[in-house]
Amino acid sequence: MSGTEGELERLTERRVTLIYRLDLIAQGARLTYDDGSAVDMASEKARLEDEVARLDRKLAVLGPAAGQA
């Protein structure tokens, strides 16, 4: 596996994890910090959506190059 293929796989796995977390939030999951205070789920959802969009852009750039190898 080349470096690009490994990076592509890592980013794809990260994206799947983030989408899974977004699904849990959509189902009503609530998170807390170690000290017991609640995580702002609207902010967490927005953060995860931004990260998925960032990964989508990065995967779009890496994807075609990986297929040309």
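Definitions and limits used
Residues numbered from 1 in each chain as written. Predicted model: local features only at pLDDT ≥ 70, side-chain atom pairs only at ≥ 80, totals over all residues. Heavy atoms only, no water. Helix = DSSP H or I, 4+ residues; strand = E, 2+ residues; numbered from the N terminus. Buried < 20%, exposed > 50% of the residue type's maximum accessible area, 1.4 Å probe, protein only. Contact = heavy atoms within 4.5 Å. Areas by Shrake-Rupley, 256 points an atom, 1.4 Å probe, with all protein chains shown as cover. Core = buried A, V, L, I, M, F, W, Y, C linked by side-chain atoms within 4.5 Å.

J.: Please explain the overall build of the protein as it appears in this structure.
T.: Helix and strand content of the protein: two helices and zero strands. Across the 69 residues of the protein, 20% fall into the buried class. Taking the contacts inside the protein whose residues are at least 6 apart along the sequence as the reference set, 62% of them involve residues at least 24 apart. For the protein, the computed accessible surface area is about 4,900 Å², with 53% contributed by carbon and sulfur atoms.

J.: Whenever I open this one, the environment of Tyr33 confuses me. Can you help?
T.: Among the secondary structure elements, Tyr33 is positioned in the loop between helix H1 (3-26) and helix H2 (41-67). Residues within four places of Tyr33 in sequence aside, it is in contact with Ala38 and Val39.

J.: Can you walk me through the environment of Ala29 in this structure?
T.: Examined against the element boundaries, Ala29 turns out to sit in the loop between H1 and H2. By relative accessible area, Ala29 is classed as partly exposed at 25%. When the C-alpha positions of Ala29 and Met41 are compared, they lie 8.5 Å apart, and in sequence the two are twelve residues distant. Sequence-distant contacts of Ala29, that is, excluding residues within four places in its chain, are made with Leu24 and Met41.

J.: Quick question: what am I supposed to make of the side chain of Glu44 here?
T.: Within the secondary structure, Glu44 sits in helix H2. Excluding residues that lie within four positions of it along the chain, Glu44 makes contacts with Ile25, Leu31 and Val39.

J.: It is not clear to me how the nonpolar core should be interpreted in this structure. Could you clarify?
T.: One broad rule of soluble globular proteins: the nonpolar side chains tend to lie buried together. Counting residues in hydrophobic clusters, the biggest one holds eleven residues: Leu11, Leu18, Leu22, Ile25, Val39, Met41, Leu48, Val52, Leu55, Leu59 and Leu62. Residue assignment for this core shows that the elements contributing at least two residues are H1 and H2. Looking at which element gives the most residues to this core, the answer is H2, with six residues. Excluding its chain neighbours within four sequence positions, the residues that come into contact with Leu62 are Thr4, Glu7, Leu8 and Leu11.

J.: Just checking my understanding: could you explain the side chain of Glu51 for this structure?
T.: In this structure, Glu51 sits in helix H2. Taking the relative accessible area as the measure of exposure, Glu51 reaches 18% and is therefore buried. Sequence-distant contacts of Glu51, that is, excluding residues within four places in its chain, are made with Arg14 and Leu18.

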